[in-house]
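# Descriptive analysis of the structure
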Amino acid sequence: MAASNNSSIIFAIMALLSLSSITTSHAARGLLQLPNLPTIPSLPQPTMPPLPTIPNLPAALPPLPSVASLPTLPTANSPLPSLPANPLPNMPSLPNMIPTLSPPPSN
């Protein structure tokens, strides 16, 4: 356990040291001193087919049906029956299902 812990710490230190030794200024200078690269030629523009035309909607919508021609909802004339007032029965208690463990016998 201790050996793997020490090796992981040593690996982390080595990784940090190797990452800290990277000089980005040298890499940036190398990129700036590159010779002029050839330009990328422009690609031809594709020709697209014309979009389909959207048909025109009629200017006037058809009239809505009148209120007199709509069916009416039935009304309830009798009151709803009341529910019985019996209380809910008590739930039975569950037995203790987890056994208690006794300590091991001593010699």
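Look a little higher up for the structure.
Here goes a summary of the coordinates provided. (Residues numbered from 1 in each chain as written. Predicted model: local features only at pLDDT ≥ 70, side-chain atom pairs only at ≥ 80, totals over all residues. Heavy atoms only, no water.)

## Section: the overall build of the chain
- Summing up its helical and strand segments, the chain has two helices and zero strands in all.
- Out of the 107 residues in the chain, the part that is buried amounts to 0%.
- Roughly 12,100 Å² of accessible area belongs to the chain as shown, and the carbon and sulfur atoms make up 70% of that amount. (Helix = DSSP H or I, 4+ residues; strand = E, 2+ residues; numbered from the N terminus. Buried < 20%, exposed > 50% of the residue type's maximum accessible area, 1.4 Å probe, protein only. Areas by Shrake-Rupley, 256 points an atom, 1.4 Å probe, with all protein chains shown as cover.)

## So, a nonpolar patch on the surface
- A surface patch of nonpolar side chains, amounting to about 500 Å² of accessible area, comprises I9, I10, I13, M14 and L17.
- Along the polypeptide, I9 turns up in helix α1 (residues 2-20).
- Given a relative accessible area of 44%, I9 falls into the partly exposed group. (Patch = residues over 30% accessible without salt bridge, like charges linked within 9 Å, V, L, I, M, F, W, Y side chains within 5 Å. Salt bridge = Lys/Arg side-chain N within 4 Å of Asp/Glu carboxyl O.)

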